[in-house]
Amino acid sequence: MDQTAGDPRTDHRALLAAGITVVLWASAFVSIRAAAAHYDPGALALGRLLTASLALALVLAVKRVPFPPRQAWPGILASGVLWFGLYMVALNWGEQEVDAGTAAMIVNIGPIVIALLGGWLLKEGFPRMLLMGMAVSFVGAVVVGLSTSQGGASSVVGVLLCLVAALTYGAGVVSQKPALRYASPVQVTTYGCFVGTVITLPFAGQLLAQLPEAPLSATLNMVYLGLFPTALAFTTWTYALSRTTAGKMGATTYAVPAVVVLIAWIALDEVPGWLTLLGGAICLAGVAVSRRRPAPPGPPAPAEAGKAPTAT
């Protein structure tokens, strides 16, 4: 299933899928903010995953997608536990303990974790342009985080939870990549989501207790999180991931802070300051650098007349 090798041309379908993912994941931050005031972190994660699981199960039934092969299951299980399960709970919880700027800065360690683990475990190497782009984008993420930080003391628990979210996100992405050699993006996303739902079932009591009390707007935001930033965006993510390296896909997510700023500006009338806009622009510049291919080597210099080439 993995189509990352052998074709140096740009895969425009993969770029489009990655773009859809970035926009929908950015929109998730607005919906989480609206729903988190009425749902506890675990209940919100379970409600989101239940919604996504129902939608994806319907896709499986309509398209008659077969059960994933045995070889894909280690990656599906690992990504389901780490990314769909632990990451979502830790992120929801961490954002209640620290301000959004601090959370964004810490969670943006995730793409660096992806690049390091992908280079080591997946043998993707450490391309210079990727590392340079990620460094630039991380600076941009820090600028955005500082510009939106409330300036107060951060909770140690909140910082640790955001760090857990970053690490589980990075490890979950790297776990998905080998699974995509044997299973389709829909299979990897759907069954990973099923695993994450099972992991968050201990929060079912909280969800059942809070569902009748929450306003309709909060519940609709939770449903939106399940249908679009999870069911759809995670599928477009795995589609793009199956056609490029984990490191490049991780670097692409550095566009999320810039898109979050834009969505908050349009949807919530939150006019960003100049420092926030600068940070967003730096993030986008870093993504562009990370996705550039190095220039091909020039032709070898001609040997000097009358001089035999040296053996190497």
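In this text the structure is predicted, and so the values were computed from the model without any measurement. Throughout, residues of each chain are indexed from 1 in the direction in which the sequence is written. Selection of residues for local features in this predicted model requires a pLDDT of at least 70, selection of side-chain atom pairs for listing and counting requires 80 or more, and totals for whole chains, interfaces and linings are taken over all residues. The side-chain numbers reported here are obtained from all heavy atoms of the structure, hydrogens and water having been left aside.

**Focus on the overall build of the protein chain**
Part 1: Runs of E in the DSSP output that reach at least two residues are strands. Runs of H or I that reach at least four are helices, and both are numbered from the N terminus. Secondary structure summary: the protein chain contains 13 helices and zero strands in total.
Part 2: Starting at the N terminus and ending at the C terminus, the protein chain contains elements arranged as α-α-α-α-α-α-α-α-α-α-α-α-α.
Part 3: In the protein chain, buried positions account for 49% of the 312 residues.
Part 4: Within the protein chain, contacts between residues separated by at least 24 positions form 91% of all contacts whose residues are at least 6 apart in sequence. Buried means the residue's accessible area, taken with a 1.4 Å probe over protein chains only, is under 20% of the maximum for its type, while exposed means over 50%, and partly exposed covers the values in between. Two residues form a contact once any of their heavy atoms are found within 4.5 Å.

**So, the side chain of Q210**
Part 1: Tracing the sequence through the fold places Q210 in helix α9 (residues 204-210).
Part 2: According to the relative accessible area criterion, Q210 is buried, its value standing at 15%.
Part 3: Identification of polar contacts relies on pairs of N or O atoms within 3.5 Å, with a donor-acceptor requirement for protein atoms, meaning one able to donate a hydrogen and the other able to accept it, and with residues adjacent in sequence counted only if both atoms are side-chain atoms. Side chain to side chain, Q210 and D40 meet in a polar contact 2.7 Å long.

**With respect to the nonpolar core**
Part 1: Put simply, buried Ala, Val, Leu, Ile, Met, Phe, Trp, Tyr and Cys residues joined by side-chain atoms within 4.5 Å make one nonpolar core. Grouped together as the largest cluster of nonpolar side chains are 63 residues, with contacts concentrated most on W83, Y87, V173 and W237.
Part 2: With nine residues, the top contributor of residues to this core is helix α3 (residues 73-97).
Part 3: The residues touching W237, leaving out its near neighbours within four places in the chain, are T21, W25, W83, Y169, V173, Q176, M249, G250 and T253.
Part 4: Listed in part, the twelve residues of the second largest apolar core include A28, I32, A43 and L44.

**Here we look at the packing of helix α1 (residues 12-35) against helix α10 (residues 216-241)**
Part 1: To define axes, lines are fitted to C-alpha atoms, for helices over the stretch in contact only, and angles between the resulting N-to-C directions are given on a 0 to 180 degree scale. At a minimum axis distance of 8 Å, the contact between α1 and α10 shows a crossing angle of 155°. Between α1 and α10, the interaxial angle falls into the category roughly antiparallel. The handedness of the crossing between α1 and α10 comes out as left-handed.
Part 2: Gly falls in the polar group here, along with every residue not listed as nonpolar (Ala, Val, Leu, Ile, Met, Phe, Trp, Tyr, Cys, Pro) or charged (Asp, Glu, Lys, Arg). Classifying every residue of the contact of α1 with α10 by side-chain character gives 22 nonpolar, five polar and one charged. If an angle is under 35 degrees, it is roughly parallel; if it is over 145, roughly antiparallel; if it lies from 65 to 115, roughly perpendicular; otherwise it is oblique. By definition, any crossing whose near helix is turned counterclockwise from its far helix by less than a right angle is left-handed, and any crossing with a clockwise turn is right-handed.

**Quick look at the side chain of R48**
Part 1: Along the chain, R48 falls in helix α2 (residues 41-63).
Part 2: Not counting the four nearest positions on each side in its chain, R48 is found in contact with I32, M88, M222, L225, G226, P229, T230 and F234.

**Description of the confidence of the model for the protein chain**
Part 1: Scored by pLDDT, the protein chain comes out at a mean of 83, with 84% of its residues at no less than 70.
Part 2: How sure the predictor is of each residue is captured by pLDDT, a score from 0 to 100. Every residue in residues 305-312 scores below 50 in pLDDT, and together they form zero contacts with partners more than four places removed in sequence or on other chains.

**Concerning the packing of α1 against helix α12 (residues 256-267)**
Part 1: It is the contact of α1 with α12, at a shortest axis distance of 8 Å, that shows an interaxial angle of 55°. What the angle tells us is that α1 and α12 run oblique. Considering only the axes of α1 and α12, their crossing is right-handed. Along its contact with α1, which presents V22, V23, W25, A26, S27, F29 and V30, the element α12 presents V256, V259, V260 and I263.
Part 2: Looking at the contact of α1 with α12, its residues break down into ten nonpolar, one polar and no charged.

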